[in-house]
Amino acid sequence: MTAPHPLVACARSLADDLLAPHAEQVDQEEVPASHLARIRRSGLLGLNAPKEYGGAAAPGAVVRETAEILAGACCSTWFVQAQHHTPVLTLARGEGPVRERLLGPLATGELLSGVAYAHLRAYPRAPVRVTRERAGWRFDGTVPWYTGWGLNDLLLLAGVTDSGEVLFAFTEAREQPGLRASAPMRLAALSAARTVSLELDGLWLPEEAVALRTPHERWSAADRLRTVNANPAVFGLTEAALTLLDEDTAEPLRARLTEVRTRAYALADGAAPQEHLADRLALRTQASEVLGAATTAAVVTGGGRSMLLTNKAQRLAREALFLMVQAQTRESRADHLRSLAE
């Protein structure tokens with residue numbers, strides 16, 4: 001048998017020894033800095049980073065498997081660290097002074113970054129507007145969701161210019177002139193991930209903080225190619241729910257999980273990103289349906305105990321609701337609703 005990739009083995013060790021044993025407690029409180037300190041030291045934050053900057057440049061299969069493992073163990077902790085990979089990829093694909101200044105510290109875990117860009121999917125509505133000011137850029141508006149406040153070092157912030165250009169820039173993840181955070185939101189799931197909204201009133205960032213500038217239509221096209229795929233975290237959470245079931249109940253659900261995951265990952269590895277979009281979207285929906293069935297079965301198996309907030313099945317069911325709408329687009333929403341109505 002081939003030995004697992006070192007980062008997969010590391011993720012499994014973290015999941016078994018640290019994340020899973022404390023997941024119910026974390027769910028009711030917040031992701032501890034000590035969890036993130038272990039992840040910072042693990043090398044997992046550099047999964048997607050080039051080796052010359054201290055990263056692993058890991059294959060897609062390794063990236064997916066580590067996501068499955070971490071999400072299945074503690075979805076809140078997984079989600080905080082998952083935010084970090086977008087800034088890393090943005091810098092790895094870019095150029096300029098901000099890449100040279102930040103990619104190394106982000107790849108090695110010296111710095112942990114969050115992201116604030118989901119509002120770009122509301123275009124042509126522009127919740128965050130960007131305008132030229134002095135030798136930099138001014139940000140105004142409201143970021144509806146920002147995860148990891150008080151846990152992250154950096155924030156990769158996005159907005160739209162009057163000309164329809166998307167601009168991403170880094171700043172410190174703290175209150176400062178022009179940037180104010182709400183209290184952490186109480187959510188049905190993942191409150192522990194410390195999600196806030198951000199009010200921007202003249203936040204000024206210098207040109208050298210900019211990581212990406214591109215027309216919105218180009219960014220949106222690339223975003224659709226990413227979000228049309230099934231989320232590995234969905235498969236990890238489904239696996240966790242199956243461990244709570246007896247074998248007679250788990251077996252058919254596991255067969256469905258294996259089929260959907262195999263087909264989804266085969267497309268991810270064997271087809272160009274712009275190919276088979278309808279099939280990818282259908283598999284994303286099917287993955288959510290298997291997750292819903294598995295977590296519902298776990299709740300039913302647990303009976304009345306499943307209503308306790310400290311119960312694993314109940315936590316997984318709430319996390320499943322979150323993953324069904326995380327990174328949702330108009331297309332994925334429509335496809336999922338169509339499937340539910342059939």
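All values reported here derive from a predicted model rather than from experimental measurement. (Residues numbered from 1 in each chain as written. Predicted model: local features only at pLDDT ≥ 70, side-chain atom pairs only at ≥ 80, totals over all residues. Heavy atoms only, no water.)

### Digging into helix α4 (residues 60–73)
Then, number 1: Its 14 residues place the ends of α4 20 Å apart at the C-alpha level, agreeing with the 20 Å of an ideal helix rising 1.5 Å per residue.
Then, number 2: Burial of α4 is extensive: 10 of the 14 residues sit out of reach of the surface.
Then, number 3: Check the buried side of α4 and you find it contacts α1 (6–19), α2 (23–28), α5 (75–82), α9 (232–242), α10 (247–270) and α12 (312–325). (Helix = DSSP H or I, 4+ residues; strand = E, 2+ residues; numbered from the N terminus. Expected span 1.5 Å × (residues − 1). Buried < 20%, exposed > 50% of the residue type's maximum accessible area, 1.4 Å probe, protein only. Contact = heavy atoms within 4.5 Å.)

### Quick word on helix α6 (residues 85–92)
Then, number 1: Buried residues of α6: H85, P87, V88, T90 and L91, and no others.
Then, number 2: Where α6 is buried, its residues contact α5, α7 (97–108), β1 (113–116), β4 (154–161), β5 (165–172) and β8 (210–215).

### Examining the layout of surface pockets
Then, number 1: The computed volume of the second largest pocket comes to approximately 270 Å³.
Then, number 2: Lining the second largest pocket are 17 residues, and of these R12, I69, G72, A73 and A240 lie nearest its centre.
Then, number 3: The set of elements that each furnish at least two residues to the lining of the second largest pocket consists of α1, α4, α9 and α12.
Then, number 4: Per-element tally for the lining of the second largest pocket: the top contributor is α4, with 5 residues.
Then, number 5: Here the lining of the second largest pocket is composed, by residue class, of 6 nonpolar, 3 polar and 8 charged. (1 Å grid on protein atoms, 1.4 Å probe; cavity = no way out; pocket = protein on both sides within 12 Å on 5 of 7 lines; lining within 4 Å. Points joined across faces, edges and corners; volume = space filled by probe spheres on them. Nonpolar A, V, L, I, M, F, W, Y, C, P; charged D, E, K, R; others polar.)

### Description of the nonpolar core
Then, number 1: Membership of the largest hydrophobic core comes to 64 residues, with the highest contact counts inside it found for V31, L44, W78, F235, L242, L245 and L323.
Then, number 2: With 8 residues, helix α11 (residues 277–302) is the largest single contributor of residues to this core.
Then, number 3: Discounting chain neighbours no more than four positions away, the residues touching L242 are A250, L253, R254, L257 and A294.
Then, number 4: Judged by nonpolar contacts, the second largest core, of 22 residues, contains V128, Y146, L157 and V196. (Core = buried A, V, L, I, M, F, W, Y, C linked by side-chain atoms within 4.5 Å.)

### Notes on the pairing of strand β7 (residues 195–206)
Then, number 1: Bridge count between strand β3 (residues 136–147) and β7: 10 bridges; the pairing is antiparallel. Following the sheet pairing, W137 is matched in β7 by L205.
Then, number 2: Examined bridge by bridge, strand β6 (residues 179–181) and β7 share 3 bridges and lie antiparallel to one another. Its bridge partner being in β7, A181 is matched across the sheet by L198. (Pairing = 2+ DSSP bridges.)

### Brief notes about the packing of α1 against α4
Then, number 1: The interhelical angle for the contact between α1 and α4, taken along N-to-C directions, is 0°, at an axis separation of 9 Å. Relative to α4, the element α1 lies roughly parallel. Residues L7, V8, A11, R12, A15 and L19 of α1 form the contact with α4, whose own contacting residues are V62, E65, T66, I69, L70 and A73.
Then, number 2: Of the residues that constitute the contact of α1 with α4, the class distribution is 9 nonpolar, 1 polar and 2 charged. (Axes fitted to C-alpha atoms, helices over the stretch in contact; angles between N-to-C directions. Parallel < 35°, antiparallel > 145°, perpendicular 65-115°, else oblique.)

### Things to note about empty space enclosed by the protein
The probe, sized like a water molecule, is rolled over the atoms to show the empty space still left.
Then, number 1: Counting across every chain of the model gives 2 cavities of 30 Å³ or more.
Then, number 2: Taken as a whole, the largest cavity encloses approximately 50 Å³ of empty space.
Then, number 3: What lines the largest cavity is R284, T285, S288, M324, Q328, S332, R333 and H336.
Then, number 4: As a volume, the second largest cavity reaches approximately 30 Å³.
Then, number 5: Lining the second largest cavity, in full, are H119, L120, Y123, R125, A126, P127, V128 and V160.
Then, number 6: When its residues are assigned to classes, the lining of the second largest cavity shows 6 nonpolar, 1 polar and 1 charged.

### A short note on the pairing of β3
Then, number 1: In terms of strand pairing, strand β2 (residues 128–133) meets β3 through 6 bridges, oriented antiparallel. Its bridge partner lying in β3, R132 is registered against W137.
Then, number 2: Between β2 and β3, which pair antiparallel in sequence order, lie 2 residues; one of them, R134, sits at a positive phi of approximately 50°.

### Concerning the pattern of salt bridges
Then, number 1: Per the stated rule, a full pass over the model turns up 20 salt bridges.
Then, number 2: In this structure, E133 engages R138 in a salt bridge whose closest nitrogen and oxygen atoms are separated by 3.6 Å.
Then, number 3: Among the residues examined, E133 registers a relative accessible area of 24% and is labelled partly exposed.
Then, number 4: When the shortest N-O distance is used, the salt bridge between E165 and R213 registers 2.9 Å. In this pair, E165 sits in strand β5 while R213 sits in strand β8, placing the two residues 48 residues apart along the sequence.
Then, number 5: Among the residues examined, R213 registers a relative accessible area of 40% and is labelled partly exposed.
Then, number 6: The network of salt bridges with common partners includes E133, R134, R138 and D140. (Salt bridge = Lys/Arg side-chain N within 4 Å of Asp/Glu carboxyl O.)

### A look at the side chain of S76
Then, number 1: Here S76 shows up in helix α5.
Then, number 2: Take S76: its relative accessible area is 1%, and that puts it in the buried class.
Then, number 3: Look past the residues within four positions of S76 in its chain and what remains in contact with it is V26, V31, L190, A192, A193 and E319.

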